[in-house]
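# Coordinate inspection notes
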Amino acid sequence: MRIVVLGSAAGGGFPQWNCNAPTSRGVRTGVLRAKPRTQASLAVSADGERWLLLNASPDFRQQVQATPTLWPQEGLRHSPIAAVILTSGEIDHVAGLLSMRESQPFALWAAPPVLAALAANPIFDALSPRSVERHAVAPNGPFPIAGPGGGLGLTVTAFPVPGKVPLYLEGQAGDDLNGAPDETLGLEIAANGARFHYIPGCAAMTPQLRARLQGSPLVFFDGTLWRDDELITTGVGAKTGRRMGHMSIDGPDGTIAAFADLDARRRILIHVNTTNPVLIEDSPERNALAEAGWEVAEDGMEIAL
């Protein structure tokens, strides 16, 4: 199984287009040891020829251009991308679908609430049902991913994780922003005797999630913020990480602490916000992260399992 990190940043990318916080300003001007990043997405393949996208980033076109494996290979119109699976309906997970509207056949897999949100927005009708098959994902049971032309050799188990409704649906959610149980999903992808987990958004570690991740060979996990109050203390926002549906990395309830006694062999943070100091390669936070056994995903990173 081959995995390519197409993008590794949270919504807005790094540096975010309108962010002048020290991290964004530093990478933009070249005074910090940090790499620019596009918005989070993975490409996965069992055979190196047909690929599954994990979320469709707003930076989809740029990411494909940077990944020769995903370039057209034959004829006048072609794509190795045979399917897309969505972990939520957030803008940074679905907006790239609009760049995939060129009558190219592929299969779209998502939980029922996400499919309903797409169906309710007529702009996504640009994805003609003649080209794009839509399939509802049932949580907690393994299923083979298929696209036009048959199966991809990948088996997916989708499972609910704590999260929240997409930002654009908060006004309809009332006081309960958690949404349906399958509003936010984690994924286990398996092929050829290998497996890994992808969880780009998670509000809390639960006993059920802990049990799933025990012994995982590879986990990509929500790395949005270093501290829960990061946006507030940097002065760029008023929301905590928890309010946005994300665990913080640091602290007694953070990701480092939650994974301390988990036998997950390789641990990689993804969906990292533009304000997060772990993006700075020689920062104290990045050093603390490495000492705890964590990596930070980078665009273009490739992993073979």
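Below or above, wherever it landed, is the structure these notes cover. (Residues numbered from 1 in each chain as written. Predicted model: local features only at pLDDT ≥ 70, side-chain atom pairs only at ≥ 80, totals over all residues. Heavy atoms only, no water.)

## Thoughts on the layout of surface pockets
Vacant regions in the atomic arrangement are exposed by a probe of water-molecule size rolled over the atoms. There is about 450 Å³ of room inside the second largest pocket. The wall of the second largest pocket is formed by 17 residues, among which Phe 60, His 78, Ser 79, Ser 99 and Glu 102 lie closest to the centre. Here the residues of the lining of the second largest pocket sort into eight nonpolar, five polar and four charged. (1 Å grid on protein atoms, 1.4 Å probe; cavity = no way out; pocket = protein on both sides within 12 Å on 5 of 7 lines; lining within 4 Å. Points joined across faces, edges and corners; volume = space filled by probe spheres on them. Nonpolar A, V, L, I, M, F, W, Y, C, P; charged D, E, K, R; others polar.)

## Topic: the sheet that holds strand S7 (residues 142-147)
Strand order in the open sheet formed by seven strands is S7-S8-S9-S10-S11-S12-S13, with mixed pairing between adjacent strands. Of all strands in the sheet, those with a lone pairing partner are S7 and strand S13 (294-296), marking the two edges. For this sheet, the mean inter-axis angle between neighbouring strands, taken without regard to orientation, is 30 degrees. With six bridges connecting them, strand S8 (residues 150-160) and strand S9 (residues 185-191) associate as antiparallel partners. Pairing of Thr 155 across the sheet is with Ala 190, part of S9. (Pairing = 2+ DSSP bridges. Helix = DSSP H or I, 4+ residues; strand = E, 2+ residues; numbered from the N terminus. Axes fitted to C-alpha atoms, helices over the stretch in contact; angles between N-to-C directions.)

## Remarks on the side chain of Glu 183
Along the chain, the position of Glu 183 falls in the loop between helix H5 (170-173) and S9. Leaving out residues up to four positions away in the same chain, Glu 183 has contacts with Thr 87, Ser 88, Pro 113, Val 114, Lys 164, Val 165, Pro 166 and Asn 178. (Contact = heavy atoms within 4.5 Å.)

## So, unusual backbone geometry
A cis amide bond links Phe 14 with the next residue in sequence, Pro 15, at an omega value of 0 degrees. In this structure, Pro 15 sits in the loop between strand S1 (2-7) and helix H1 (22-29). Positive phi is not limited to glycine here, since Ser 103 has a value of about 55 degrees. Turning to its location among the elements, Ser 103 is positioned in the loop between helix H3 (91-94) and strand S5 (106-110). Taking relative accessible area as the criterion, Ser 103 reaches 58% and is therefore assigned exposed. Although it is not a glycine, His 271 sits at a positive phi angle of roughly 65 degrees. Here His 271 is to be found in the loop between strand S12 (266-270) and helix H9 (284-291). (Buried < 20%, exposed > 50% of the residue type's maximum accessible area, 1.4 Å probe, protein only.)

## Topic: the pattern of salt bridges
Overall, the coordinates contain nine salt bridges when judged by the stated rule. Of the charged contacts, one joins Arg 227 and Asp 229 as a salt bridge, the two residues approaching to 2.9 Å between their closest N and O atoms. Residue classification places Asp 229 among the partly exposed positions, given a relative accessible area of 24%. Among the ionic contacts, a cluster of salt bridges with common partners joins Arg 33, Lys 35, Glu 281 and Glu 298. (Salt bridge = Lys/Arg side-chain N within 4 Å of Asp/Glu carboxyl O.)

## A short note on the pairing of S7
For S7 and S8, the ladder comprises five bridges, and the chain directions are antiparallel. Directly across from Gly 147, in S8, lies its bridge partner Gly 150. Counted along the chain from S7 to the antiparallel partner S8, the turn is two residues long, and its residue Gly 149 has a positive phi close to 95 degrees.

## Quick notes on the packing of aromatic side chains
The description of an aromatic ring pair uses the distance of the two centres, along with the angle that the planes make with each other. Scanning the model with the defined rule gives five aromatic pairs in all. Considering the side-chain rings of Phe 196 and Phe 220, the 6.0 Å spacing of their centres and the 80 degrees angle between planes classify their relative orientation as edge-to-face. With a gap of 24 residues between them, Phe 196 in strand S10 (residues 194-199) and Phe 220 in strand S11 (residues 218-222) connect regions that are remote in the sequence. Like Phe 220, Phe 196 is buried. Centre to centre, the rings of Phe 259 and Trp 294 are 4.9 Å apart; their planes meet at 80 degrees, and the pair counts as edge-to-face. Here Trp 294 lies in strand S13 and Phe 259 lies in helix H8 (residues 255-259), a separation of 35 residues in the sequence. For the residue pair Phe 259 and Trp 294, the accessibility class agrees, reading buried in each case. Through pairs of rings, three or more aromatic residues link up here, namely Phe 196, Tyr 198 and Phe 220. (Phe/Tyr/Trp six-rings, centres within 6.5 Å; stacked < 30°, edge-to-face > 60°.)

## Focus: the sheet that holds strand S6 (residues 132-136)
Read across the sheet, seven strands follow the order S6-S5-S4-S3-S2-S1-S14 without closing on themselves; strand pairing throughout is mixed. The open sheet has two edge strands with one neighbour each: S6 and strand S14 (302-304). Sheet twist, expressed as the average angle between the axes of neighbouring strands with direction ignored, equals 20 degrees. Across three bridges, S1 lies against S14 in antiparallel orientation.

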